[in-house]
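Working through the structure, step by step
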Amino acid sequence: MRAPRESSTGFQTSFILSGSSISTPGVSSIRISMAGSKSRSIISLNRRFSNDIDGGGCGRAPNFLYMADPSSPAEGTGQDDEDIPKNHQATESFRLDIKQKYQRDLSNDGFGAFLPIAEKVDEITGGWGLSYADLQPETPRTPLGIAFLATNGFYAFAGLALGVKGEWFLGTLTEIAGAVSFWYHYSQLEFGKDRSEVRLALLTDYFTAGAALITGGIYMAQMGIQSVPLDAVVAGILAVLFLTFSWVWEFGAPYLFWHSLWHIMTAYTGYAVGKAHLAGTMGILDTLFLPS
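Figured I'd write up the structure that's included with this text. (Residues numbered from 1 in each chain as written. Predicted model: local features only at pLDDT ≥ 70, side-chain atom pairs only at ≥ 80, totals over all residues. Heavy atoms only, no water.)

Here the focus is the nonpolar core. Of all hydrophobic cores here, the largest spans 15 residues; its most connected members are Leu130, Leu135, Phe148, Tyr184, Leu189, Tyr255 and Leu256. Broken down by secondary-structure element, the contributors of at least two residues to this core are α3 (143–150), α5 (168–191), α6 (196–223) and α8 (252–289). At 4 residues, the largest contribution of residues to this core is made by α6. If we skip the residues at most four places from it in the chain, Leu189 touches Leu135, Glu138, Thr139, Pro140, Gly145, Phe148 and Leu149. (Core = buried A, V, L, I, M, F, W, Y, C linked by side-chain atoms within 4.5 Å. Buried < 20%, exposed > 50% of the residue type's maximum accessible area, 1.4 Å probe, protein only. Helix = DSSP H or I, 4+ residues; strand = E, 2+ residues; numbered from the N terminus. Contact = heavy atoms within 4.5 Å.)

Helix length check: α6 (28 residues) gives 41 Å between terminal C-alpha atoms against 40 Å at 1.5 Å per residue, within 8%. Positive phi appears at Gly224, one or two residues downstream of α6, with a value of about 90 degrees. (Expected span 1.5 Å × (residues − 1).)

Another point: the packing of aromatic side chains. Tallying each qualifying case throughout the model produces 9 aromatic pairs. With a centroid separation of 6.2 Å and 65 degrees between ring planes, the pair formed by Phe148 and Tyr255 is classed as edge-to-face. Pair noted here: Phe148 is in helix α3 and Tyr255 is in helix α8, with a separation of 107 residues, a long-range link. Given the relative accessible area of 1%, Phe148 is considered buried. Judged by relative accessible area, which is 3%, Tyr255 ranks as buried. Here the aromatic rings of Phe245 and Trp249 are separated by 5.8 Å at their centres, their planes lie at 65 degrees, and the arrangement is edge-to-face. Linked through ring pairs, Phe242, Phe245, Trp249, Phe257 and Trp258 together constitute an aromatic cluster. (Phe/Tyr/Trp six-rings, centres within 6.5 Å; stacked < 30°, edge-to-face > 60°.)

This is the structure we're talking about:
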């Protein structure tokens, strides 16, 4: 085995396993080339025998796994320009094989008119976008499950408070986001992992939560960052932090804890931003219509 070595153009590592028997006629080596930012993964079967190996290239030849930066010459591999199209074809074939293996068939998941969107989300995120935490053994009827679902009530309180003050648009979006979030998490607790009912609720949650978040972002842009209340900024930062933690510990009680805090902080952020936006709007109306 040869140790890693540093090339002038980038890190290059090669491992040689020599003296292996080749049972398939005409296949002398397997070469894999990988690289970072400019990378292209190549898997190729080198079907050339070297006449210098074992006195005439019969039956035995070294197998080797080779990983290198393609920007530097591949030393000793014998790759020439005519190999590149073949390598590219092999790479594409390998990528499609992996995609077919892990891609879900969502056509029977009940997405209806949203099926193209669901398939696009699944494709772009490699299946992560419509996956969700397994919360077993918790259910909607266990103490932890009930407490977790109850945190969606903060959206109801925030939306109602905004509506009473006159900020009905963001208030309504917050109410709807809370109701859909409850539906999603109830389904998550009730049905468990890898269920179409949960994926449909999750996709709907993306729409409703996204609408509320985008509206809040527009409000902050209209007010200017200097007019956004400090408590809204702090709550928003904490919300993102808690959401990240719920992705890191995406299972059981840890997820329930961190995602509950995400609910609470986003509800408060929405309320604080909506209240500040309403105050700014009322101030502008007073300036325009009230006599000096």
